[in-house]
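Structural overview
Next come the chains, spelled out residue by residue.
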Amino acid sequence: AAPSGTLEAPGVPSAGGAPTQTLTMTASGDNKIAVIKALREINQNLGLKEAKDATEKVPYEVLKDVKAEEAKGAADKLKVAGATVELK
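Residues numbered from 1 in each chain as written. Predicted model: local features only at pLDDT ≥ 70, side-chain atom pairs only at ≥ 80, totals over all residues. Heavy atoms only, no water.

Points about the pairing of strand β1 (residues 20-27)
As judged from the five bridges shared by β1 and strand β2 (residues 60-67), these two strands associate in the antiparallel manner. From the neighbouring strand, Thr20 faces β2, where its bridge partner is Lys67. Summarising the sheet, β1 and strand β3 (residues 84-87) pair through four bridges and their orientation is antiparallel. By the bridge assignment, Ala27 is partnered in β3 with Thr84. (Pairing = 2+ DSSP bridges. Helix = DSSP H or I, 4+ residues; strand = E, 2+ residues; numbered from the N terminus.)

This is the structure in structure tokens:
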């Protein structure tokens with residue numbers, strides 16, 4: 001498994017100059033099926049098994065260094081599904 005700590009400073013502008021954020025799921029909540037669906041909606045490359053594993057191995061880095069609006073939208077989807085998330 002990859003280490004969960006990163007050496008990059010949060011909020012560092014990307015090459016495009018827009019501030020970026022990292023979205024981490026800190027708890028998957030009681031409705032894991034909804035959270036798995038939300039994870040797969042956010043990251044379409046995530047298979048069912050990977051999404052299920054992500055709900056069991058928290059904290060899980062959902063998105064790394066993405067535009068703030070994208071991170072916030074993804075965070076909202078996960079919150080609606082019942083997950084606890086953290087934006088940095």
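There's more to say after this.
Some details on unusual backbone geometry
The residue after Val58, namely Pro59, is reached through a cis peptide bond having omega 0°. For Pro59, the location among the structural elements is in the loop between α2 (48-56) and β2. Of note, Asp65 is a non-glycine position whose phi angle comes to about 50°, a positive value. Following the sequence through the fold, Asp65 ends up in strand β2.

Some details on the pattern of salt bridges
Close approach of charged atoms lets side chains of opposite charge pair. Taken as a whole and assessed by the stated rule, the structure comprises five salt bridges. The partner of Glu41 in a salt bridge is Lys77, with the nearest N and O atoms 3.1 Å apart. Of the two residues, Glu41 is situated in helix α1 (residues 32-42) and Lys77 in helix α3 (residues 68-81); the sequence distance between them amounts to 36 residues. As a salt-bridge pair, Lys49 and Asp53 come within 2.9 Å of each other at their nearest N and O atoms. Of this pair, Lys49 and Asp53 are both found in helix α2, four residues apart, which corresponds to roughly one turn of the helix. The exposure class assigned to Lys49 is exposed, which follows from its relative accessible area of 58%. (Salt bridge = Lys/Arg side-chain N within 4 Å of Asp/Glu carboxyl O. Buried < 20%, exposed > 50% of the residue type's maximum accessible area, 1.4 Å probe, protein only.)

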